[in-house]
Amino acid sequence: MEERFPDQFLWGGAIAANQCEGAYDLDGKGLSIQDVMPHGIWGPITEKPEAENLKLKGIDFYHRYPEDIALFAEMGFKVLRLSIAWSRIFPNGDDEEPNEAGLAYYDKVFDECRKYGIEPMVTLSHYETPLHLSLEYDGWRDRRLIGFFERYARTVFERYKGKVHYWLTFNEINSIRVYPFMGGAIHTPKDQLTASDLYQAAHHEFLASALAEKAAHEIDPENKVGCMVLGMINDPRTCAPEDLLAAMDQDHLYLFFTDVMMRGAYPSYTKALFEKLNVSLNMEPGDAELLKEGTADFLSFSYYMSRCVAADPSKYDSAAGNLTVSVRNPYLKQSQWGWAIDPAGLEQYCVRMYERYQKPLFIAENGLGAEDVLIPDGKGSYTVEDDYRIDYLRNHLKAVRNAIHQGAEIFGYTAWGCIDLVSASTAEMRKRYGMIYVDRNDDGTGTLNRYRKKSFYWYRDVIASNGSDL
Ligand code: BG6
């Protein structure tokens, strides 16, 4: 078997502004939805930012980015996936003019990346929509957000022309279906929303994404813009026909989003799906054409785990997961947070997605959330012996290599939370993904010092060998 990753493979890590920057109110930044989500997706939102919200300070990447990017460079990163906090650029989201201090900040960050030959890959909207757009417009339910997003996208495409060539529009765009506030800044509680409300909001995001695709290419033909979804495999719990059909139905819920964005049209099963969910969609003249004109250049996705599906889930134990609950797969081990560890699922997802769309794939997130123990490294500093994380990453990278061997075109891999940051779903520090330990605790204490874990050195060697040394 071919043991090599492609020569120009983009190795790196991924972070998001709201989970690492902190400085939530500095230099003209407006509030984002995350500033009122101290409990992640599980708890109530607050009226204003509260000190208990760890994201307000994050890991202080806002000030410490030179040190952090130097550490990424030491690991040999070729790419850093990060997001722009929309509310640093347009504090309210609907402002006429951008905030220069916000634009200048990301100039410095991108320049710092380029100093080390690290290509930035920038997510425009990573669960951090300006709060004002949520309060005033009910988020993406309102079609006017398309125009606000286009203005924001054009502003950053023009400003960072030549510095950034890879862009992603909406992080895990398919999460809006399950978490309308985090995914779509929709302020109305989920139990008061109909399926039509949710799919209409998704439709607006599809249109905004298509406009951003077009604008990016018009401003710089070298730009490549990907869609970004929560990648998922839905395995039937048994081979009983009803379980197979249930798994197919679940697959459609996920595939729907990539089908629209990669093919530029609503898929063949839309009518059946919408009938079942009782969705009626308001399409305006020109919408279908715009979707066609603004398809994504590549498909990027997060992959942490797979789901298992049964026609009657009550017959089985349930399993937690990334923004999802499913039934437990008895063949798989689970992370400390109950997520099924399934490298073979990543291989299948890559192969299937490439076969389906025949466009390049980029693995924008993958990693293991685990509690780490900081110990002295014997050289006057500290480290973490995170062999469990190395095992997870190694097995998933082997799966990527297998998928490449089967013909999938995959041009890069960014390990999620390459430096410890605040978790998205649970808003805690305790759940760590990083190869770099950050001394910050759930009670807010800690020096914020950075320490190299064992996985830091392992990943450095993987990159140096272009994946031969897994
Ligand atoms: C993805 C998100 O869902 O998973 C990230 O894009 C998130 O923002 C990551 O951090 C891991 O999830 P969590 O909840 O463990 O932080």
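Residues numbered from 1 in each chain as written. Predicted model: local features only at pLDDT ≥ 70, side-chain atom pairs only at ≥ 80, totals over all residues. Heavy atoms only, no water.

Chemist: Go over the overall build of the protein with me, naming the residues and quoting the values.
Modeler: A count of helices and strands for the protein gives 14 helices and 16 strands. On C-alpha atoms alone, the protein measures out to a radius of gyration of 21 Å, which is about the 23 Å that the 2.2 N^0.38 rule sets for 470 residues. Considering only C-alpha atoms, the protein reaches an extent of 65 × 55 × 45 Å along its principal axes. The 470 residues of the protein split such that 62% are buried. In the protein, the proportion of contacts linking residues at least 24 apart, taken out of those at least 6 apart, comes to 75%. (Helix = DSSP H or I, 4+ residues; strand = E, 2+ residues; numbered from the N terminus. Rg over C-alpha atoms; globule rule 2.2 N^0.38 Å. Buried < 20%, exposed > 50% of the residue type's maximum accessible area, 1.4 Å probe, protein only. Contact = heavy atoms within 4.5 Å.)

Chemist: So what's going on with the packing of helix α9 (residues 241-263) against helix α12 (residues 343-357)? Residues and values would help.
Modeler: Look at α9 against α12: their axes get within 11 Å of each other, and the N-to-C directions meet at 45°. Relative to α12, the element α9 lies oblique. With respect to the hand of their crossing, α9 and α12 are arranged in right-handed fashion. Residues Asp-251, Leu-255, Thr-258, Asp-259, Met-262 and Arg-263 of α9 touch α12, and the partners they reach there are Tyr-349, Arg-352, Met-353, Arg-356 and Tyr-357. (Axes fitted to C-alpha atoms, helices over the stretch in contact; angles between N-to-C directions. Parallel < 35°, antiparallel > 145°, perpendicular 65-115°, else oblique. Left-handed = near helix turned anticlockwise from the far one by under 90°.)

Chemist: How would you summarise the packing of aromatic side chains if you had to cite specific residues and measurements?
Modeler: Each aromatic ring pair is summarised here by two numbers: the centre-to-centre distance and the angle between the ring planes. Summed over all chains, the structure comprises 41 aromatic pairs. Ring geometry for Phe-362 versus Phe-411: centroids 5.2 Å apart, planes at 55°, classification tilted. One end of the pair, Phe-362, is in strand β11 (residues 361-365); the other, Phe-411, is in strand β14 (residues 410-416), and 49 residues separate them in sequence. The class for Phe-411 is buried, based on a relative accessible area of 17%. Here a set of aromatic residues connected by ring pairs shows up, and it is made of Phe-5, Phe-9, Trp-11, Phe-72, Phe-77, Trp-458 and Tyr-459. The ring of Tyr-105 has Arg-88 sitting right over it, with the charged end atom 5.8 Å from the ring centre. The side chain of Arg-432 reaches across the aromatic face of Tyr-437, ending 4.0 Å from its centre. (Phe/Tyr/Trp six-rings, centres within 6.5 Å; stacked < 30°, edge-to-face > 60°. Lys NZ or Arg CZ within 6 Å of the ring centre and 35° of its normal.)

Chemist: Provide a residue-level description of the sheet that holds strand β2 (residues 79-83), including the pertinent values.
Modeler: Within the closed barrel, the eight strands sit side by side as β1-β2-β3-β4-β5-β7-β11-β14. Their pairing is parallel. Shown here is a sheet whose adjacent strand axes are inclined to one another by a mean of 25°, direction ignored. Summarising the sheet, β2 and strand β3 (residues 119-125) pair through five bridges and their orientation is parallel. What sits directly across from Ser-83, in β3, is Thr-123. Relative to β14, helix α13 (residues 387-405) is tilted by about 165°, and along the sheet it contacts β1 (10-14), β11 and β14. (Pairing = 2+ DSSP bridges.)

Chemist: Residues and numbers for the pattern of salt bridges, please.
Modeler: One pass over the full model with this rule turns up 38 salt bridges. A salt bridge links Lys-115 to Glu-112; the nearest nitrogen and oxygen atoms lie 3.1 Å apart. One end of the pair, Lys-115, and the other, Glu-112, are both in helix α4 (residues 100-115), three residues apart, so they sit about a helical turn from each other. When salt bridges that share partners are traced, they join Asp-372, Asp-386, Arg-389, Asp-420, Arg-432 and Lys-453 into one network. (Salt bridge = Lys/Arg side-chain N within 4 Å of Asp/Glu carboxyl O.)

Chemist: Would you mind going over the confidence of the model for the protein in detail, with residue names and values included?
Modeler: Averaged over every residue, the pLDDT of the protein is 97; residues scoring 70 or more account for 99%. Prediction confidence for the complex, expressed as pTM and ipTM, is 0.98 and 0.99 respectively. (pLDDT = per-residue confidence, 0-100.)

Chemist: Outline the site of the ligand, listing residues and values.
Modeler: Near the ligand you find 14 residues, and of these Gln-19, Glu-172, Ser-425, Lys-431 and Tyr-433 are the closest. Contacts to the ligand include Ala-424, whose backbone N or O atom sits 2.7 Å from an oxygen atom. Separating an oxygen atom of the ligand from a side-chain N or O atom of Lys-431 is a distance of 2.7 Å. Protein chains bury 99% of the 380 Å² of accessible surface belonging to the ligand in isolation. (Near = heavy atom within 4 Å. Polar contact = N/O pair within 3.5 Å; in protein donor to acceptor, adjacent residues only side chain to side chain. Areas by Shrake-Rupley, 256 points an atom, 1.4 Å probe, with all protein chains shown as cover.)

Chemist: Which residues make up unusual backbone geometry, and what values do they have?
Modeler: Positive phi is not limited to glycine here, since Asp-60 has a value of about 60°. Among the structural elements, Asp-60 can be located in the loop between α1 (17-20) and α2 (61-75). Judged by relative accessible area, which is 15%, Asp-60 ranks as buried. Here the phi dihedral of Tyr-127 falls at roughly 55°; this positive angle occurs in a residue that is not glycine. Assessed through its relative accessible area of 5%, Tyr-127 is described here as buried.

Chemist: So what's going on with the environment of Gly-321? Residues and values would help.
Modeler: Tracing the chain through its elements places Gly-321 in strand β9 (residues 318-321). The class of Gly-321 is buried, set by a relative accessible area of 12%. Placed 14 residues apart in sequence, Gly-321 and Arg-307 show a C-alpha to C-alpha distance of 7.7 Å. Apart from the residues within four sequence positions on either side, Gly-321 is in contact with Met-305 and Trp-339.

Chemist: Outline α9, listing residues and values.
Modeler: Taking the largest bend as the criterion, α9 deviates by roughly 40°, centred on Leu-255. Two residues or fewer after α9 comes Gly-264, characterised by a positive phi angle close to 75°. (Bend = angle between axes of the 7 residues up to and from the residue.)

Chemist: Lay out α2 in plain terms, naming residues and giving numbers.
Modeler: Across its 15 residues, α2 extends only 18 Å between first and last C-alpha, which sits more than 12% below the 21 Å expected from 1.5 Å per residue. Of all the bends found along α2, the most pronounced is centred on Glu-67 and spans about 40°. Those residues of α2 that sit buried are Phe-61, Tyr-62, Tyr-65, Asp-68, Ile-69, Leu-71, Phe-72 and Met-75. (Expected span 1.5 Å × (residues − 1).)

Chemist: Go over the packing of α2 against α4, please, and point to the residues and values.
Modeler: If you want to describe how two helices pack, look at the angle between their axes and the distance between the axes. Taken N-terminus to C-terminus, the directions of α2 and α4 make an angle of 10°; their axes are 10 Å apart at the nearest point. As summarised for this structure, α2 and α4 are arranged roughly parallel, according to the angle between their axes. Packed against α2, whose contacting residues are Phe-61, Tyr-62, Tyr-65, Pro-66 and Ile-69, the element α4 presents Tyr-105, Lys-108, Val-109, Glu-112 and Cys-113 at the interface.

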